[in-house]
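Examining the three-dimensional arrangement
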Amino acid sequence: SSKLGEFDDFFLNDPANITFRDCIDVEVSSNAYTPITYLQPFRDFLFLGTAGNTQYELIGSENQISPLTAEIAPTSFFPMTGDIEPVVMNNNLFFFAKNRLYIYFPSIESQGQQAFELSSHVPRFLPNNYWDVCVSTAHNMIFAVEGNTPSNKIFVYRNQTAGEKVIQNAFCTFTL
């Protein structure tokens, strides 16, 4: 990422003297080729979605991410589509994969699994690829249009909660 306040400057002036204003090196390493496809701000970290079946969190300390505090940690290992970006709905982060939808749990909240497949009870219901996605927070719904070009079929996910309990987890389609 660029220097603080200089959005087009990605280079260090003095590598021996790095300050909090310098650019942040956002390289990730894995056992496989892992290109970063999406950066999604979420809560107090940056979610890094990849095409390499690994999700990362970029975190800092004291609510600041700088070259001196930045830490990138792999947090979950699930497939993720490159077609559409992860979406935030009602303080939750969701991402799609081929025929799947996942909810992501931040590392500070999760003791084990960082992501959970929401579509496991409807196998092969969701499409292989997606044209676009949007969220209706007021209705607790995610809408995804299937295909490589706009289609007449819209896939809908509805998540209704009451406190900490999920009381509805449903999928349906609209055909226009």
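Presented here is an overview of the structure given in this document. (Residues numbered from 1 in each chain as written. Predicted model: local features only at pLDDT ≥ 70, side-chain atom pairs only at ≥ 80, totals over all residues. Heavy atoms only, no water.)

**A word on the pairing of strand S7 (residues 100-104)**
With four of five residues buried, S7 is to be regarded as a mostly interior element. Judged from the five bridges that link them, strand S6 (residues 92-97) and S7 form a sheet pairing that is antiparallel. Residue pairing across strands places Leu93 opposite Tyr104, the latter belonging to S7. What sits between the antiparallel neighbours S6 and S7 is a turn of two residues, in which Asn99 has the positive phi angle 65 degrees. One ladder, built from three bridges, connects S7 with strand S8 (residues 115-117); its direction is antiparallel. Bridging from a neighbouring strand, Tyr104 pairs with Ala115 of S8. (Buried < 20%, exposed > 50% of the residue type's maximum accessible area, 1.4 Å probe, protein only. Helix = DSSP H or I, 4+ residues; strand = E, 2+ residues; numbered from the N terminus. Pairing = 2+ DSSP bridges.)

**Digging into the environment of Asn91**
Mapping Asn91 onto the fold places it in the loop between strand S5 (87-89) and S6. Taking C-alpha positions, Asn91 is 12 Å from Pro41, a pair spaced 50 residues apart along the chain.

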